[in-house]
Structures are given as C-alpha cells and as structure tokens.
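Here are the chains, one letter per residue:
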Amino acid sequence: MPVMEINGANINYEVLGEAGPWVVLTPGGRGAKEMVKPLGQAIASAGYRVLLHDRRNCGASDVIIDGELSEQEIWADDLYELLSRLDALPVYAGGGSAGCRLSLLLTLRHAGSTRGLLLWSVTGGPVAAERLGYNYYGQFIEAAQRGGMPAVCETEFFKQRIEQNPANKDRLLSMDPTRFQRVMERWREFFTEGAELPVIGATAAQLKGIKVPACIVPGNDDVHPRKAGEGLHELLPNSELHYLRTDAELAALPDRDPAEVLAETRQRLAQVFIPFLDRLEGR
C-alpha cells in the first residue's frame with residue numbers, strides 16, 4: 001500500500017476506484033482503514049474514487065504521541081494535507097463514530113474542504129465522553145504509570161501497532177513516560193470537555209454554521225445514542241436523517257450473528273449513501 005509522509009508521520013493509505021468525485025471514509029475508534037473498505041468498495045463501484053487511510057497512531061501508520069492540538073484535531077489536519085496532496089479537495093467526507101467526528105472537524109477546521117458529509121454512529125453525551133476518554137487514553141496512562149513505556153508497548157492496542165509497523169516500538173520506547181502521560185491527559189480533555197456538547201468535538205454554534213449537505217444515520221447504543229444523531233440533524237441546516245433498522249429489527253439484534261449484522265449494516269449504509277451522493281452529483 002502507498003505511504004505518504006504527512007506532518008511528520010508516515011500515513012498508510014489506499015484509493016479505490018480510478019475516476020469520479022472523491023470520497024474519504026474513516027472508521028470508528030482507532031480502527032484501521034480495512035474496517036470501512038467494504039463500504040468503500042461499494043461506493044467506488046458506483047463511480048466514485050474513495051480514499052481510505054490509517055490515521056497516525058492507528059493501523060499501519062506511524063505512532064507519534066506528541067503535538068499541542070488534540071489527537072482528533074491532528075487527525076483532521078493530517079487528512080486535509082493528505083487530500084491536498086492527492087488533489088482530492090473538496091471531498092465528500094464520511095465516517096462512523098470517530099470517523100464522524102473527523103469528518104466534522106475537517107469541515108470546521110478547513111473551510112471549503114468538504115462538499116458533503118456521510119455520517120453514521122454519531123457520538124455524544126456523558127457516557128460516550130467518559131468511556132471513550134478511557135478507551136483512547138486513560139488505559140494507556142495507567143499502563144505508563146504501572147510500568148513505563150515497556151508496559152505501554154505490551155498493551156493489546158500498541159502491540160498491534162508494533163506488529164503492523166515495527167518502527168513504532170523504538171519510537172514508543174524512546175519516549176519519556178511522564179511526557180507520554182501529559183500528552184495523553186491533554187488529549188483526553190477533548191472528551192471530558194465535550195461531555196455536554198451536542199456532538200463530542202463541536203458546539204451547537206459551530207454545527208449550525210456547516211452549510212454543506214449531510215446524510216446522517218444515527219446509532220443505537222450508549223456511546224452512539226439515537227438522540228445524538230437526531231440532534232445533529234436538527235443543528236445541520238442542510239441535512240437529512242435516515243434509519244437503518246426499525247425498532248423491531250433493533251430489538252432482535254442481540255440474537256443475531258454479529259458478522260451477519262455487520263455485513264448487513266455495510267450494505268444498508270451503501271444503500272443510503274450512494275443515492276445521496278448521486279443526487280448531489282445530478283446523476
């Protein structure tokens with residue numbers, strides 16, 4: 001896969017499709033680009049060029065625990081630079097959970113960078129802020145306190161980053177654990193300070209100022225509550241709201257095979273997003 005140095009980090013990326021309007025898709029959590037590849041392939045097959053990338057500290061890209069901005073803002077700035085280098089601006093930006101936040105931050109931090117938004121599993125509320133703040137940062141602060149940077153390297157997440165990119169081990173081990181904890185604490189503030197925002201990472205006033213068309217698919221769990229997606233729809237002036245499943249279908253999900261549910265979710269997202277994109281393109 002191609003790699004490009006962006007703002008001091010080697011970013012692993014992939015482009016699906018050879019022609020058509022540009023779309024970028026970003027997965028939730030710290031997931032690798034493969035998580036959204038099936039959806040990207042469906043959109044590419046409909047006549048679009050789809051960019052997938054591993055954000056820094058995710059997938060096979062470089063781990064760099066540093067910077068004065070929050071990690072989420074760094075991701076947005078990295079993506080803007082990557083899109084600029086690929087001559088892919090303005091882009092249709094989409095993602096679920098963390099990918100949703102990134103798409104919104106890209107739009108807010110870089111005027112004119114997006115021409116539309118594909119948003120699913122919107123995060124919001126105190127439960128999401130607390131849980132994500134710990135999953136992203138708190139557990140690794142505890143590891144550093146317990147055993148320094150060797151203990152950080154032994155966590156399941158950073159073990160995977162080292163397996164996918166062996167150079168990450170030396171970068172992590174060379175880092176002062178106190179400095180690591182300070183950066184992680186500062187990055188966690190993005191979530192703790194966002195607990196009462198309508199969507200973690202953006203104020204109501206900021207969201208009301210986003211004028212590009214947006215297609216929103218709410219989530220249905222404690223981290224991605226339905227009301228967060230519905231609230232985002234109310235704030236974005238040029239948005240439309242879609243539900244993937246009926247209440248009866250949602251109630252039946254715990255009894256279904258997770259792999260089957262995931263495949264169905266991807267298919268239904270494609271069935272929502274492709275017509276939305278086609279309408280905007282006048283197809």
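Calculation criteria
Residues numbered from 1 in each chain as written. Predicted model: local features only at pLDDT ≥ 70, side-chain atom pairs only at ≥ 80, totals over all residues. Heavy atoms only, no water. Pairing = 2+ DSSP bridges. Helix = DSSP H or I, 4+ residues; strand = E, 2+ residues; numbered from the N terminus. Axes fitted to C-alpha atoms, helices over the stretch in contact; angles between N-to-C directions. Contact = heavy atoms within 4.5 Å. Core = buried A, V, L, I, M, F, W, Y, C linked by side-chain atoms within 4.5 Å. Buried < 20%, exposed > 50% of the residue type's maximum accessible area, 1.4 Å probe, protein only. Polar contact = N/O pair within 3.5 Å; in protein donor to acceptor, adjacent residues only side chain to side chain. Disulfide = S-S within 2.5 Å. Phe/Tyr/Trp six-rings, centres within 6.5 Å; stacked < 30°, edge-to-face > 60°.

**Considerations on the sheet that holds strand 3 (residues 22-26)**
At step 1: Pairing within the open sheet is mixed, and its eight strands lie in the order 1-2-4-3-5-6-7-8. The sheet is open, and its two edges are formed by strand 1 (3-6) and strand 8 (239-241), each paired on a single side. Averaged over all pairs of adjacent strands, the angle between their axes in this sheet comes to 25°, without regard to strand direction.
At step 2: Sheet topology note: the strand 7 (residues 214-217)/strand 8 ladder contains three bridges and is parallel. Its bridge partner being in strand 8, Ala214 is matched across the sheet by Ser239.
At step 3: Seen against the sheet, helix 1 (residues 37-45) touches strand 2 (9-16), strand 3, strand 4 (49-53) and strand 6 (114-120) and runs at an angle of roughly 45° to strand 2.
At step 4: Of the strands in this sheet, strand 6, strand 7 and strand 8 are in contact with helix 9 (residues 226-235), which crosses strand 8 at around 150°.

**Brief notes about the nonpolar core**
At step 1: Of all hydrophobic cores here, the largest spans 67 residues; its most connected members are Leu51, Ile65, Leu104, Phe158, Phe180, Leu207 and Leu232.
At step 2: Examining the composition of this core, we find that 12 residues originate from one element, helix 4 (residues 126-153), more than from any other.
At step 3: When sequence neighbours within four positions are dropped, the list of residues in contact with Phe158 reads Val63, Ile65, Phe140, Val152, Cys153, Leu172 and Met184.
At step 4: Of all hydrophobic cores here, the second largest spans 23 residues; its members include Leu16, Val36, Leu52 and Phe276.

**Topic: the side chain of Asp62**
At step 1: Examined against the element boundaries, Asp62 turns out to sit in the loop between strand 4 and helix 2 (71-85).
At step 2: Taking the relative accessible area as the measure of exposure, Asp62 reaches 6% and is therefore buried.
At step 3: Among the polar contacts made by the side chain of Asp62, one reaches the side chain of Asn165 at a distance of 3.0 Å.
At step 4: Ignoring sequence-local partners within four residues, the contact set of Asp62 consists of Ala9, Asn10, Arg56, Asn57, Asn165, Asn168 and Arg171.

**Here we look at unusual backbone geometry**
A negative phi angle is the norm for most residues apart from glycine, just as the trans form is the norm for most peptide bonds.
At step 1: The step from Leu89 to Pro90 runs through a cis peptide bond, and the omega angle for that step is -10°.
At step 2: Of note, Pro90 is situated in the loop between helix 2 and strand 5 (91-96).
At step 3: You will see that Asp87, though not glycine, has its phi angle at about 55°, which is positive.
At step 4: Unlike most non-glycine residues, Ser97 shows phi in positive territory, near 60°.

**Side note on the state of the cysteines**
At step 1: If you walk through the whole model with that rule in mind, you get zero disulfides.
At step 2: The structure places no disulfide on Cys153, whose sulfur is separated from the nearest cysteine sulfur, that of Cys58, by 16 Å.

**Points about the packing of aromatic side chains**
At step 1: Applying the stated criterion across every chain, the model contains 10 aromatic pairs.
At step 2: Judged by centre distance (5.6 Å) and plane angle (40°), the rings of Tyr136 and Tyr137 are tilted. Here Tyr136 matches Tyr137 in class, with each residue buried.
At step 3: Their ring planes at 80° and their centres at 5.0 Å tell us that Phe157 and Phe158 sit as a pair that is edge-to-face.

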